[in-house]
Amino acid sequence: MCADAQETVTISGTDYRRAVQKIIPQEMGQFQVAIGGCGNPNLIESFILRLKRSLDRTTCNGPEKLDRSLIGEGRHCYTGRDDA
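Conventions used here
- Residues numbered from 1 in each chain as written.
- Predicted model: local features only at pLDDT ≥ 70, side-chain atom pairs only at ≥ 80, totals over all residues.
- Heavy atoms only, no water.
- Core = buried A, V, L, I, M, F, W, Y, C linked by side-chain atoms within 4.5 Å.
- Buried < 20%, exposed > 50% of the residue type's maximum accessible area, 1.4 Å probe, protein only.
- Helix = DSSP H or I, 4+ residues; strand = E, 2+ residues; numbered from the N terminus.
- Contact = heavy atoms within 4.5 Å.
- Salt bridge = Lys/Arg side-chain N within 4 Å of Asp/Glu carboxyl O.
- Pairing = 2+ DSSP bridges.
- 1 Å grid on protein atoms, 1.4 Å probe; cavity = no way out; pocket = protein on both sides within 12 Å on 5 of 7 lines; lining within 4 Å.
- Points joined across faces, edges and corners; volume = space filled by probe spheres on them.
- Nonpolar A, V, L, I, M, F, W, Y, C, P; charged D, E, K, R; others polar.

Draft legend 1. Here's a closer look at the nonpolar core. With 8 residues, the main nonpolar core is built from M28, F31, V33, I35, F47, I48, L51 and L55. Elements with a contribution of two residues or more to this core: β4 (31-33) and α1 (41-56). With 4 residues, the single largest contributor to this core is α1. Filtering out sequence-adjacent residues up to four positions away, F31 remains in contact with Q26, L55, C60, N61, G62 and L66.

Okay, here's the thing in structure tokens:
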């Protein structure tokens, strides 16, 4: 997995580039997860936070829980609903 290392920050109406590490492996429950995304940064951050909360609540360490959490949290972030 790879990503560029720059983002744009606007300060007093002027855009500046700064270096950031965009993909950082994180402990989430029994898993170590690295997530990259593009587009709406608020949506991406929300997904990461919801996935971490979901995986931190479980003791399951199999791929089926990771799969269900990824799909469920992804649906919620895009639709705003848990039952979509």
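Picking up after the structure, the text goes on.
Draft legend 2. Geometry of the pattern of salt bridges. Under the counting rule described, the total for this entry stands at 2 salt bridges. In this structure, R18 engages E7 in a salt bridge whose closest nitrogen and oxygen atoms are separated by 2.5 Å. Taken together, the residues span a long stretch of sequence, with R18 in strand β2 (residues 14-19) and E7 in strand β1 (residues 6-11) at a distance of 11 residues. Residue K52 is joined to D56 by a salt bridge in which the shortest nitrogen-to-oxygen separation is 2.9 Å. Remark: D56 and K52 occur in helix α1; sequence separation between them is 4 residues, near one turn of the helix. Assessed through its relative accessible area of 41%, D56 is described here as partly exposed.

Draft legend 3. Seen up close, the pairing of β2. The element β2 is largely exposed, with a buried count of 0 among its 6 residues. Bridging between β1 and β2 involves 6 bridges; their strand directions are antiparallel. Looking at the pairing, T8 lines up with R17 of β2. Here β1 hands over to β2 after 2 residues, with S12 in that stretch at a positive phi of 50°.

Draft legend 4. Seen up close, the layout of surface pockets. Its boundaries defined by the atoms lining it, the largest pocket holds a volume of some 580 Å³. If you trace the largest pocket, you find 20 residues lining it, with E7, K22, G37, I44 and E45 closest to the centre. The leading source of residues in the lining of the largest pocket is α1, at 4 residues. The residue inventory of the lining of the largest pocket, partitioned by class, reads 11 nonpolar, 5 polar and 4 charged.

Scope: geometric values only; no functional claims are made or implied.
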